[in-house]
Amino acid sequence: MTATRPVEPPARFADAEKINPFKLLLDPHDCAVARTAVSGRDDALAELALSAAVVSWWTRWQPSLIHAVLRAGADLADVADATALGVSEVVRRWQRWADVQTRLDIGGRPSVDPAEVQAIERRLGPGADR
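The residue numbers shown here count from 1 along each chain, following its written sequence. Side-chain atom pairs in this predicted model are given and counted only at pLDDT of 80 or more, local residue features only at pLDDT of at least 70, and totals for whole chains, interfaces and linings cover all residues. Just so you know, side-chain values use all the structure's heavy atoms and leave hydrogens and water out.

A.B. asks: Can you walk me through helix H7 (residues 114–124) in this structure?
C.D. replies: Along an α-helix, residues three or four positions apart point the same way, because every turn accommodates 3.6 residues. Think of it in three bands: with a 1.4 Å probe and only protein chains considered, a residue is buried below 20% of the maximum accessible area for its type, exposed above 50%, and partly exposed in between. Going along the chain from the N terminus, every DSSP run of H or I of four or more residues is numbered as a helix, and every run of E of two or more is numbered as a strand. Buried within H7 we find Val117, Ile120, Glu121 and Leu124. Relative to the axis of H7, the buried residues are bounded by an arc of 100 degrees and lie together on one face. Buried residues along H7 sit against helix H4 (41–71), helix H5 (76–83) and helix H6 (87–103). Any pair of nitrogen or oxygen atoms within 3.5 Å is treated as a polar contact; in protein, a donor-acceptor pairing is required on top of that, and neighbouring residues in sequence qualify only through side-chain atoms on both sides. Near the N-terminus of H7, the side chain that reaches the backbone nitrogen of Ala115, with its oxygen 3.0 Å away, is that of Asp113. Directions are taken from the helix axis to each C-beta atom, and the arc is the one they span. Any pair of residues with heavy atoms lying within 4.5 Å of one another is described as a contacting pair.

Below, the structure written as structure tokens:
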């Protein structure tokens, strides 16, 4: 099976970030498989730009996944283990995300139910409140 490469592999983060996030997960693999020891500067830059965009995308998406796991009943230790983050960092990332989502108005309603966020905060304990 021959690896396929992006049509025009981006050499800059700004260009890589414009790629559909789900496709973005495949492109670094394809670049890495296609790259050889004699591949040039542009191939290496494309792989670097794509991987940087993946990290950026996942970093922005991770708090919503943390919220989903907390909503499903996971405790902070489980979330910390799943993310390889410390408990305080998990709480910090989730709270920053929850603050924005509860203030975000979509059709007259917040993106995330404030009562749901408060219920999670109560479950997390006193160190998790704002």
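A.B. asks: It is not clear to me how unusual backbone geometry should be interpreted in this structure. Could you clarify?
C.D. replies: The bulk of non-glycine residues show a negative phi, and the bulk of peptide bonds are trans. Even without being a glycine, Ala84 presents a positive backbone phi close to 60 degrees. Relative to the helices and strands, Ala84 is located in the loop between H5 and H6.

A.B. asks: Would you take a moment to explain the packing of aromatic side chains for this structure?
C.D. replies: By convention here, two paired aromatic rings are described through the distance between centres and the angle between planes. Each Phe, Tyr or Trp ring, with Trp reduced to its six-membered ring, pairs with another whose centre is within 6.5 Å; inter-plane angles below 30 degrees give stacked pairs, above 60 give edge-to-face pairs, and intermediate values give tilted ones. If you walk through the whole model with that rule in mind, you get three aromatic pairs. Taken together, a centroid distance of 4.9 Å and an interplanar angle of 70 degrees make the contact between Trp57 and Trp58 edge-to-face. Residue Trp57 is classed as buried on the basis of its relative accessible area, which comes to 12%. Judged by its relative accessible area of 33%, Trp58 falls in the partly exposed class. Each ring, one from Trp57 and one from Trp61, has its centre 4.7 Å from the other, and the planes form 35 degrees; the classification is tilted. Linking Trp57 with Trp61, this pair stays in helix H4, spanning four residues, or about one helical turn. Take Trp61: its relative accessible area is 30%, and that puts it in the partly exposed class. An aromatic cluster is built from Trp57, Trp58 and Trp61, whose rings are joined through pairwise contacts.

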